[in-house]
Amino acid sequence: MKKFFGTIIFLVLLIVIAAQVLLPKFIEMRIESELDSKLHPSSQTVIVDAMPAVKLLYGDADSIRGTMENVQLNNLNFTGFHYEFNNILVNPVSLLANQKIEVLRNGNGTIEGIVTNDDLTDYMEKQISGMTDASTTIEGGKITVNGTINVGGFLKGNAQITGILDLDNNVLRFEPQRFSLNGATVSGLNSSLLRPVTIYDFNEFPMPITARSLTVKNGEIRVKVIPTIK
């Protein structure tokens with residue numbers, strides 16, 4: 001009888017240990033699959049921690065953290081997304097059955113998206129009418145776009161547009177403040193060139209999120225967002 005109970009205890013322990021190892025890996029694969037289908041990163045990592053792991057069957061995790069590289073959103077490339085959530089609860093049915101991440105509780109976690117000089121240069125060249133050979137500098141909280149411009153043949157030469165970034169109503173915008181052509185400040189003709197440029201509307205993100213803060217330094221734009229809980 002003692003041998004029988006010993007075998008039962010051993011099997012239970014074996015199942016618990018296996019669940020602790022395999023269940024987080026299974027959830028990680030589900031999350032990776034969901035993020036791949038929605039955001040299409042070039043590469044990513046996901047780490048899920050839960051003690052005991054059986055909590056994951058109810059969508060309860062001690063922490064979920066990971067990174068994604070090169071996420072293309074509306075023609076804007078985010079070099080990276082870094083996220084970490086602690087004491088998070090997701091809808092287990094949506095995640096396991098439909099591979100859909102539906103956040104029910106976010107203890108204290110954020111997602112940080114990173115846009116570099118090169119990312120912004122590629123995007124701004126497409127957004128500013130008539131500009132080619134663009135280069136963008138992110139420094140001291142200001143954005144400077146340099147390039148060659150030709151608008152209808154009457155406005156052409158070496159152009160520079162300087163402005164700031166603004167985060168309002170979940171939308172990241174470039175707010176131009178000064179336009180110069182061949183070194184001279186131009187006014188009157190440049191109203192269309194000084195219109196705000198939408199960099200990214202986070203209301204269009206594949207999952208509901210709210211943008212919380214914006215940091216511009218060291219050649220990078222960093223935006224912190226959190227999942228919106230319905």
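What this report covers is the structure whose coordinates are included nearby. (Residues numbered from 1 in each chain as written. Predicted model: local features only at pLDDT ≥ 70, side-chain atom pairs only at ≥ 80, totals over all residues. Heavy atoms only, no water.)

Some remarks on the overall build of the protein chain
Counting its secondary structure elements, the protein chain contains three helices and 13 strands. Within the protein chain, buried positions represent 41% of all 230 residues. A separation of at least 24 residues holds for 47% of the contacts in the protein chain among residues at least 6 apart in sequence. Accessible area for the protein chain stands at about 12500 Å²; split by element, carbon and sulfur atoms hold 55% of it. (Helix = DSSP H or I, 4+ residues; strand = E, 2+ residues; numbered from the N terminus. Buried < 20%, exposed > 50% of the residue type's maximum accessible area, 1.4 Å probe, protein only. Contact = heavy atoms within 4.5 Å. Areas by Shrake-Rupley, 256 points an atom, 1.4 Å probe, with all protein chains shown as cover.)

Quick notes on a negative patch on the surface
Where like charges cluster on the molecular surface, the negative patch consists of Asp118, Asp122, Glu125 and Asp133. Mapped onto the fold, Asp122 is located in helix α3 (residues 117–127). (Patch = residues over 30% accessible without salt bridge, like charges linked within 9 Å, V, L, I, M, F, W, Y side chains within 5 Å. Salt bridge = Lys/Arg side-chain N within 4 Å of Asp/Glu carboxyl O. Lys, Arg positive; Asp, Glu negative; His and termini not counted. Charge placed at Lys NZ, Arg CZ, Asp CG, Glu CD.)

Describing the packing of aromatic side chains
Two descriptors summarise a pair of aromatic rings, namely the distance from one centre to the other and the angle between the planes of the rings. Inspection of the entire model under this criterion finds six aromatic pairs. With 5.9 Å between their ring centres and 55° between their planes, Phe81 and Phe205 make a pair best called tilted. Taken together, the residues span a long stretch of sequence, with Phe81 in strand β3 (residues 76–90) and Phe205 in the loop between β11 (197–201) and β12 (209–217) at a distance of 124 residues. Residue classification places Phe205 among the buried positions, given a relative accessible area of 9%. Through a chain of ring-to-ring contacts, the aromatic side chains of Phe78, Phe81, Tyr200, Phe202 and Phe205 assemble into a single cluster. (Phe/Tyr/Trp six-rings, centres within 6.5 Å; stacked < 30°, edge-to-face > 60°.)

Focus on the side chain of Glu112
Mapped onto the elements, Glu112 comes out in strand β5 (residues 110–116). Judged by relative accessible area, which is 16%, Glu112 ranks as buried. Beyond its immediate sequence surroundings of up to four residues, Glu112 is in contact with Gly80, Phe81, His82, Arg222, Val223 and Lys224.

A look at the environment of Thr148
Looking at the secondary structure, you find Thr148 in strand β7 (residues 142–151). Judged by relative accessible area, Thr148 falls into the partly exposed class, the value being 32%. Sequence-distant contacts of Thr148, that is, excluding residues within four places in its chain, are made with Gly130, Met131, Thr132, Asp133, Gly157 and Asn158.

Points about unusual backbone geometry
Of note, the amide linkage connecting Met51 to Pro52 takes the cis form, showing an omega dihedral of -5°. The topology assignment puts Pro52 in the loop between β1 (43–49) and β2 (60–73). In this structure, Asn70 is a non-glycine residue whose phi angle is positive, near 50°. Within the secondary structure, Asn70 is located in strand β2.

A closer look at the nonpolar core
By size, the foremost hydrophobic cluster in this structure holds 56 residues, and its most contacted members are Phe78, Met124, Ile199 and Phe202. Setting aside residues up to four positions removed in sequence, Phe202 forms contacts with Phe78, Leu167, Asn170, Leu172, Ile209, Ala211, Val223 and Val225. (Core = buried A, V, L, I, M, F, W, Y, C linked by side-chain atoms within 4.5 Å.)

Overview of the pattern of salt bridges
Tallied over the full model, the rule gives five salt bridges. Linking Arg222 and Glu220 is a salt bridge whose minimum nitrogen-to-oxygen distance equals 2.9 Å. With relative accessibility at 26%, the residue Arg222 sits in the partly exposed group. A residue is classified by how much of its surface remains accessible, and Glu220, at 22% relative accessible area, is partly exposed.

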